[in-house]
Amino acid sequence: MIKRIFISLAALFACLGLGAQYRNNPEDLNDSETVRAFKEHVGFLASAALEGRKAGSEGEWMAAGYVSEQLKSYGIDLLPTGNEFGIAHGADTLRSCNVCGFLQGWDKSCNDHYIVIGARLDNLGMDTFTVNGEVQNRIYYGANGNASGLAMLLELAQKLSLSRTLVRKSVLFVAFGGSCESFAGAWYFLNRSFAADANKIDAMVNLDMLGLAPNGFLAYTASNEDLNTLVSGMRGELLPIQASLTTQEPYPGDHTVFYDKEIPAVLFTTGRYPEHGTGRDQYGILDFEGMEKELEYIYQFVMRLTDGPEPLFHNQSVGSSAPVGVYAYSDVDFKPMFLNSADPRTFLERWVYPYLKYPRYAVENGIQGRVLVDFIIDDTGKVQDVKVSRGVHETLDQEALRVVSASPKWRPGRHHGKKVKVAMTIAVDFRLEKNKGKFGINGITVK
C-alpha cells in the first residue's frame, strides 16, 4: 500500500511539472481550457517516466494513481475496494488494477441503473534492441493508444460532474487495467468486482484511440439497434463533429467483454493509424482541437443514454439464445439486408411502421411501450421463427408479430462466404400522441 501511495504522489508531482511545461509554450497561449487539460493528461500518461504503462508495471500503477486523483479533483467519487486483480504469466502473477469512479444520478426511479464509460489504462510497455552493438530501450508511449482515451474519460467526467443535476441514471468511469492482456480488467470488473450489479448496466461507452480526428470519428456498435438509432438521431443536431457508424470493428477492445454479457456497447475511436503499436505513438501526433470537438459529441451522446427511461436492448450473442446452426447478427461477415440495406432500421422504417396498425383497444386504454421481437433470416432470406422476447400487452405483441412475420424476403447473411441463418432482434415502439385524437408510432402519425 505504501508503494502505491508513493507512486500516486510521484504521478501528481510529475504532472505538475509537465503542466508547467505546456503553460510556458507560446504556441499554447490560445488554447482553450479543455485543450490545455487534454495536453496535460496526455503529456503525463504518455511520458517516458511511465515506460509505456505495461500491465502490472509501476508505470501502469502511476497512470492509475493519476486517473484516481484527477477524478477526485473533478468531484467524482471513487469505488475504494475490489479494484486490484492478478494476471497469471506462467509461474508469475502480475498485479494490475482498475480505477472506478462513480457519479450518482439524480432520479431515484432509475439511478440504480448504470452507464459505464471505459478507457484502456495500459499499453505495451518497453523493450530493448541492439544498434551497432549497443543495447537501447524502446518505449511504446501510447499517446493515442490510449492516453487520448483516458484524457477523454477524465474531461467527460468533469463535464458530467458539472451537469450532475441533469444526469438521471448513474455513471461509472472505469480505467481498465490489463486491457492488453486479453481485456483482463474489463473481465474482472464484470465478473468479480461489479458482478452483483452487472445486470443493471444499461450500456457501455468505450473510449479508445481518439486523438486523430482528421482520420475520421467512428462509432462501432456491433449493429445494436438502439445505439444505431441514437447515433443516427444526432446527425441533425448542430454539433462540432459527427460520428460515422461503421459495421467493421476498427479494433477489438474492452467493449467486447460487455458484448459477451449482452450489454449494449459502443466504441468511439478515430480509427487505424500507422503509429499504432510502435514507439512513434507520441504526444506530437495528436490533434487536441479535434479531441475537444469529439468530447462535446460524446458528452451529448452520454447525456442521452443517462436520460433513457428504459434499459437499451441487449445484444444477442452466439451461445446464449441463438439456436444451434444460427449465427448472431453481430457475428457474421456480411449482415442480412432488407431493400439493399444492412441497417435494421431500414426494415422498421420501410416495412414495419408503414404496415403497423395500432390496436384500437390499446389506443382506447392508453397502452404503449416497446416490444422486442426475435426472428431468424434463413439462408434463403425468408423470415421465420418470429416470437416476442419481451412484450408489453397482448394486443401490441400480436400486432408486432403479424407485421414482422409478413416481411418480404431479405438478402441472406453470409459467413466465410457461405449463406447462413442469422438471428435478429428488433425493438418495435408503440407510442401514443396525447391531446390529438390521433396516435403515433415511432414518430409516424396515424389516423
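Everything that follows concerns the structure shown earlier in this document.
Let us look at the structure shown here. (Residues numbered from 1 in each chain as written. Predicted model: local features only at pLDDT ≥ 70, side-chain atom pairs only at ≥ 80, totals over all residues. Heavy atoms only, no water.)

## Section: the packing of aromatic side chains
Applying the stated criterion across every chain, the model contains 21 aromatic pairs. Between the aromatic rings of Phe-268 and Phe-301, the centroid separation amounts to 5.1 Å while the plane-to-plane angle is 90°, which identifies the pairing as edge-to-face. Of the two residues, Phe-268 sits in strand E12 (residues 265-269) while Phe-301 sits in helix H8 (residues 288-307), which places them 33 residues apart along the sequence. Exposure remark for Phe-301: the relative accessible area of 0% places this residue in the buried category. Here Phe-375 and Trp-410 contribute two aromatic rings whose centre-to-centre distance is 6.1 Å and whose plane-to-plane angle is 55°, an arrangement assigned as tilted. Here Trp-410 lies in the loop between helix H11 (394-405) and strand E16 (413-415) and Phe-375 lies in strand E14 (residues 369-377), a separation of 35 residues in the sequence. (Phe/Tyr/Trp six-rings, centres within 6.5 Å; stacked < 30°, edge-to-face > 60°. Helix = DSSP H or I, 4+ residues; strand = E, 2+ residues; numbered from the N terminus. Buried < 20%, exposed > 50% of the residue type's maximum accessible area, 1.4 Å probe, protein only.)

## What about the side chain of His-415?
Turning to its location among the elements, His-415 is positioned in strand E16. For His-415, a relative accessible area of 14% gives the class buried. A polar side-chain atom of His-415 sits 3.3 Å from the main-chain amide nitrogen of Asp-333. Residue contacts for His-415: discarding those within four places in its chain leaves Tyr-327, Asp-331, Val-332, Asp-333 and Val-420. (Polar contact = N/O pair within 3.5 Å; in protein donor to acceptor, adjacent residues only side chain to side chain. Contact = heavy atoms within 4.5 Å.)

## Some words on helix H3 (residues 58-73)
Given a rise of 1.5 Å per residue, 16 residues ought to cover 22 Å, and the 22 Å separating the end C-alpha atoms of H3 matches this to within 8%. Counted residue by residue, H3 has twelve buried out of 16 residues, so it is predominantly covered. Of the residues making up H3, those classed as buried are Gly-59, Glu-60, Trp-61, Met-62, Ala-63, Ala-64, Gly-65, Tyr-66, Val-67, Ser-68, Gln-70 and Leu-71. One or two residues past the end of H3 sits Gly-75, with phi positive at roughly 85°. (Expected span 1.5 Å × (residues − 1).)

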